Amino acid sequence: MENTYEYIVEVEVKKNPIKSDEINTIVYTVKAKSEWQARMKASDLCAEQFGHNPYYTEVIDWELI
């Protein structure tokens, strides 16, 4: 049985990459079995919210659930 963790992932995303280089920082909390999976889930959430992938992702905290 694999453990599931709750990750807090910080994502840097360009608000509108065509018009500006302004970067926003967003924090997502996701449930995943690995850090890689957590980053992918946060990237997917970012893509849904902004219409494109993030510039950078970083796991800033995690907890076994």
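Above this text sits the structure in question.
Residues numbered from 1 in each chain as written. Predicted model: local features only at pLDDT ≥ 70, side-chain atom pairs only at ≥ 80, totals over all residues. Heavy atoms only, no water.

A look at the overall build of the protein chain
This is how it is decided: Counting from the N terminus, the helices are DSSP H or I runs at least four residues long and the strands are E runs at least two residues long. With a 1.4 Å probe rolled over the protein chains alone, any residue whose accessible area is under 20% of its type maximum counts as buried; one over 50% counts as exposed, and the rest are partly exposed. By definition, residues are in contact when any of their heavy atoms lie within 4.5 Å. Two residue types count as positive, namely Lys and Arg, and two as negative, namely Asp and Glu; His and chain ends fall outside the count. Taken as the charge centre is NZ of Lys, CZ of Arg, CG of Asp or CD of Glu, depending on the residue.
Within the protein chain, the regular secondary structure consists of one helix and three strands. Moving toward the C terminus, one meets the helices and strands of the protein chain in the order β-β-α-β. When the 65 residues of the protein chain are sorted by exposure, 26% land in the buried category. When contacts within the protein chain are restricted to residue pairs at least 6 apart in sequence, long-range pairs at least 24 apart make up 56% of them. Put simply, the protein chain has 7 plus and 12 minus side-chain charges, and the middle of one group is 6 Å from the middle of the other.

Thoughts on the sheet that holds strand E1 (residues 5-14)
How we decide: Pairing between strands is defined by DSSP: at least two bridges between them are needed. A fitted line through C-alpha atoms serves as each axis, taken over the contacting stretch for helices, and the angle formed by two N-to-C directions is quoted from 0 to 180°.
Taking strand neighbours across the sheet as the criterion, the three strands line up as E2-E1-E3 in an open arrangement whose pairing is antiparallel. The open sheet terminates on both sides in strands that have one partner only, identified here as strand E2 (23-32) and strand E3 (56-64). The sheet shows a mean angle of 20° between the axes of neighbouring strands, direction not considered. As paired strands, E1 and E2 are joined by ten bridges and run antiparallel to one another.

By themselves, these figures tell us nothing about what the structure is for.
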